[in-house]
Protein chains: 2
Amino acid sequence: MKPESTIDFNIRWAWHSIAKLYNKLGQQHDLTMAMGFVLLNIDKEGTPSTHLGPKMGMEPRSLTRMLKTLESKGLIYRAPDPNDGRMVRIFLTDLGKRKRAISRDTVIQFNQAVGKRIPDSKLNVFFEVLQQITSIVEQENIFKTA
Amino acid sequence: MKPESTIDFNIRWAWHSIAKLYNKLGQQHDLTMAMGFVLLNIDKEGTPSTHLGPKMGMEPRSLTRMLKTLESKGLIYRAPDPNDGRMVRIFLTDLGKRKRAISRDTVIQFNQAVGKRIPDSKLNVFFEVLQQITSIVEQENIFKTA
């Protein structure tokens, strides 16, 4: 089994290519792929900081570091939840909202460009298999009986 | 377009799940996913260090750091190419060979486990689409005319 022919290698390669493209496109807006990704996951009504990690599959430490970066760049701020003062919500500043819109447009453009070049029937199988792989990895202990 | 429904989000999520699983499995062998991945790309006859980055899609700086780690753990060593003394090749130590074999078995097991659960016909479409996406990202400037 050559590395190039494995499922994991191909998924890794695809993801790295996409991340590289997003990082390149983000440069002119002082954004990285990871920053844009977090901005896209913050809602207009603010998002509880405890929801962000699980929503994005990010480790708590990486998320904390990322939120500090976004705060220092003036893209987000923290405020107590209006209904539950013990809970902290992350909000977008005006600048953060503009950067979020840029990130959103980039993601939409990318997905449309791919969608135009690959027939729906194949894309549907692709999504189905990708989600199946993810759930095999996450839910089953495939190495238990092996 | 919700993030969860985009191509990039789903590829990222799948890759992160796989990387997490590999990191967890590697722990008991003092290996990370990234270390195992590099070991798998070093041939028995040694691999020129200049070939490794492009082969794995790794940035030169990350690769340099990684090779230093592998060297300090006694898994690889550097030696001049027997035919071209100006060229440096990376070789596996005996310990490196054992860790490479562990990484190889893990990758094979993972791929077999997925292969058993998903029909070939769907996996073939999956690979086709994944490679198409990667080549769209790498070869075309999809944002040029947009």
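That block above? That's the structure.
Since the model is a prediction, treat every value here as computed from it, not as a measurement.

Trainee: Describe the overall build of chain A, naming the residues involved and giving the relevant values.
Mentor: The number of helices and strands found in chain A is six helices and three strands. Each helix and strand of chain A, placed in order from N terminus to C terminus, yields the pattern α-α-β-α-α-β-β-α-α. Dimensions of chain A, computed from the C-alpha atoms along their principal axes, are close to 50 × 40 × 25 Å. Per-residue burial for chain A yields a buried fraction of 48% across its 146 residues.

Trainee: Could you give an account of the sheet that holds strand S3 (residues 88-92) of chain A, naming the residues involved and the relevant values?
Mentor: Residue and element names in this part refer to chain A. Taken in spatial order, the three strands make up an open sheet running S1-S3-S2, and their pairing is antiparallel. Edge positions in the open sheet fall to strand S1 (47-48) and strand S2 (76-80), since each of these has one partner strand only. Relative to S3, S2 is paired through five bridges, and the arrangement is antiparallel. Looking at S3, one finds that Tyr77 is bridged to Phe91. Packing of helix H4 (residues 60-72) onto the sheet brings it into contact with S2 and S3, and relative to S2 it is tilted by some 110°.

Trainee: Talk me through the environment of B:Leu63; I want residue IDs and the actual numbers.
Mentor: Residue and element names in this part refer to chain B. You can see Leu63 is positioned in helix H4 (residues 60-72). Taking the C-alpha atoms as reference, Leu63 lies 29 Å from Gln112; in sequence the two are 49 residues apart. When neighbours within four sequence positions are excluded, Leu63 is seen to be in contact with Ser49, Leu52, Gly53, Met56 and Met58.

Trainee: Give me the pairing of S3(A): which residues, what numbers.
Mentor: Residue and element names in this part refer to chain A. Counting buried positions along S3 gives four out of five residues, so the element sits mostly inside the fold. Pairing geometry for S1 and S3, over two bridges, is antiparallel. In the strand pairing of S3, Thr47 is matched with Ile90.

Trainee: Go over the side chain of B:Arg89, please, and point to the residues and values.
Mentor: Residue and element names in this part refer to chain B. Here Arg89 shows up in strand S3 (residues 88-92). Of the polar contacts made by the side chain of Arg89, one reaches the backbone oxygen of Gly46; its length is 2.8 Å. Of the polar contacts made by the side chain of Arg89, one reaches the side chain of Asp81; its length is 2.3 Å. Beyond its immediate chain neighbours, meaning those up to four positions away, Arg89 contacts Glu45, Gly46, Thr47, Pro48, Tyr77, Arg78, Ala79 and Asp81.

Trainee: Could you give an account of the interface of chain A and chain B, naming the residues involved and the relevant values?
Mentor: On the side of chain B, 59 residues touch chain A, which itself brings 58 residues to the contact. When the area that chain A buries against chain B is broken down by residue, the three leading residues are A:Arg12, A:Phe126 and A:Phe143, summing to 12%. For the pair chain A and chain B, the number of links is two salt bridges. For B:Glu128, the salt bridge is made with A:Lys122, and the minimal N-O distance between the two is 2.5 Å. Inspection of the region where chain A meets chain B yields 16 residue pairs in polar contact (both at pLDDT 80 or more).

Trainee: Provide a residue-level description of the relation of the copies chain A and chain B, including the pertinent values.
Mentor: For the pair chain A and chain B, the best superposition has an RMSD of 0.0 Å and corresponds to a rotation of 180° with a translation of 0.0 Å parallel to the axis. When the rotation and shift are considered jointly, the pair of chain copies conforms to a two-fold rotation axis. In terms of proximity to the rotation axis, the leading residue of chain A is A:Phe126, whose C-alpha is 2.4 Å off the axis.

Trainee: Give me unusual backbone geometry: which residues, what numbers.
Mentor: Phi at A:Asp30 takes a positive value of approximately 55°, unusual for a residue other than glycine. With respect to the element layout, A:Asp30 can be found in the loop between helix H1 (7-27) and helix H2 (33-40).

Rules of the game
Residues numbered from 1 in each chain as written. Chains lettered and ligands numbered in written order. Predicted model: local features only at pLDDT ≥ 70, side-chain atom pairs only at ≥ 80, totals over all residues. Heavy atoms only, no water. Helix = DSSP H or I, 4+ residues; strand = E, 2+ residues; numbered from the N terminus. Buried < 20%, exposed > 50% of the residue type's maximum accessible area, 1.4 Å probe, protein only. Pairing = 2+ DSSP bridges. Contact = heavy atoms within 4.5 Å. Axes fitted to C-alpha atoms, helices over the stretch in contact; angles between N-to-C directions. Polar contact = N/O pair within 3.5 Å; in protein donor to acceptor, adjacent residues only side chain to side chain. Buried area = accessible area lost by both parts, 1.4 Å probe. Salt bridge = Lys/Arg side-chain N within 4 Å of Asp/Glu carboxyl O. Least-squares fit on C-alpha atoms with pLDDT ≥ 70 in both.

Without other data, these values stay purely geometric and don't point to any function.
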